[in-house]
Amino acid sequence: MFTGKAWVTSYDAEGKNPYPLRATTTLTFLKIIDHPIVYIIGNNKKTALCSVIQEKPFADIPASFLLTLNGDIYIDEELSEGIASCLK
């Protein structure tokens, strides 16, 4: 879904929150832009982000592409407190 030829994809994330219908850019799109800016919010992203930071394989997370980009990643305060343990 995230690695096809399309630049944008949609999906149903039913059960995650009251707004299940999602649209997102794909890895195909993110690989062609010069300087991506990524903003990650919420402590529920801690496991995925820690796996990326520690360069551990984590098959189900699109965030693994972050290791290949030359860009900026911003996180909110809640998440920054949550990932402190994986930075040690």
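Residues numbered from 1 in each chain as written. Predicted model: local features only at pLDDT ≥ 70, side-chain atom pairs only at ≥ 80, totals over all residues. Heavy atoms only, no water.

Asker: Mind laying out the overall build of the protein chain, listing which residues take part and the relevant values?
Answerer: Check the secondary structure of the protein chain and you find three helices and four strands. When the helices and strands of the protein chain are read in sequence order from the N terminus, they spell out β-β-α-β-α-β-α. The burial tally for the protein chain puts 27% of its 88 residues in the buried class. Counting contacts in the protein chain only where the partners sit at least 6 residues apart, residues at least 24 apart contribute 54% of the total. Surface exposure of the protein chain reaches about 6500 Å², of which carbon and sulfur atoms provide 55%. (Helix = DSSP H or I, 4+ residues; strand = E, 2+ residues; numbered from the N terminus. Buried < 20%, exposed > 50% of the residue type's maximum accessible area, 1.4 Å probe, protein only. Contact = heavy atoms within 4.5 Å. Areas by Shrake-Rupley, 256 points an atom, 1.4 Å probe, with all protein chains shown as cover.)

Asker: Describe a nonpolar patch on the surface, naming the residues involved and giving the relevant values.
Answerer: Taken together, the side chains of Ile-37, Tyr-39, Ile-41 and Tyr-74 define a hydrophobic patch exposed on the protein surface, amounting to about 470 Å² of accessible area. Along the polypeptide, Tyr-74 turns up in strand 4 (residues 72-75). (Patch = residues over 30% accessible without salt bridge, like charges linked within 9 Å, V, L, I, M, F, W, Y side chains within 5 Å. Salt bridge = Lys/Arg side-chain N within 4 Å of Asp/Glu carboxyl O.)

Asker: Before we move on, could you go through the side chain of Ser-51 and cite the residues and values that matter?
Answerer: Considering the arrangement of structural elements, one finds Ser-51 in helix 2 (residues 46-53). The exposure class assigned to Ser-51 is buried, which follows from its relative accessible area of 9%. A distance of 3.0 Å separates a polar atom in the side chain of Ser-51 from the backbone oxygen of Thr-47. (Polar contact = N/O pair within 3.5 Å; in protein donor to acceptor, adjacent residues only side chain to side chain.)

Asker: Which residues make up the state of the cysteines, and what values go with them?
Answerer: Applying the stated rule across the entire model yields one disulfide. Across the disulfide, Cys-50 is cross-linked to Cys-86 (sulfur-sulfur distance 2.3 Å). Across the S-S bond linking Cys-50 and Cys-86, the dihedral sits near -75 degrees, which makes this disulfide left-handed. Here Cys-86 lies in the segment after helix 3 (77-83) and Cys-50 lies in helix 2, a separation of 36 residues in the sequence. Judged by its relative accessible area of 7%, Cys-86 falls in the buried class. (Disulfide = S-S within 2.5 Å.)

Asker: Requested: an account of the environment of Thr-24, with residues and values cited.
Answerer: The topology assignment puts Thr-24 in strand 2 (residues 21-25). For the pair Thr-24 and Tyr-11, spaced 13 residues apart in sequence, the C-alpha to C-alpha distance is 8.5 Å.

Asker: Just give me the short version of the nonpolar core, but keep the residues and values in it.
Answerer: Of all hydrophobic cores here, the largest spans nine residues; its members are Val-38, Ile-40, Leu-49, Cys-50, Val-52, Leu-66, Leu-79, Ile-83 and Cys-86. At the level of secondary structure, the elements contributing two or more residues to this core comprise strand 3 (37-40), helix 2 and helix 3. Tallying contributions element by element places helix 2 first for this core, with three residues. Not counting residues up to four positions away in its chain, the partners in contact with Cys-50 are Ile-83 and Cys-86. (Core = buried A, V, L, I, M, F, W, Y, C linked by side-chain atoms within 4.5 Å.)

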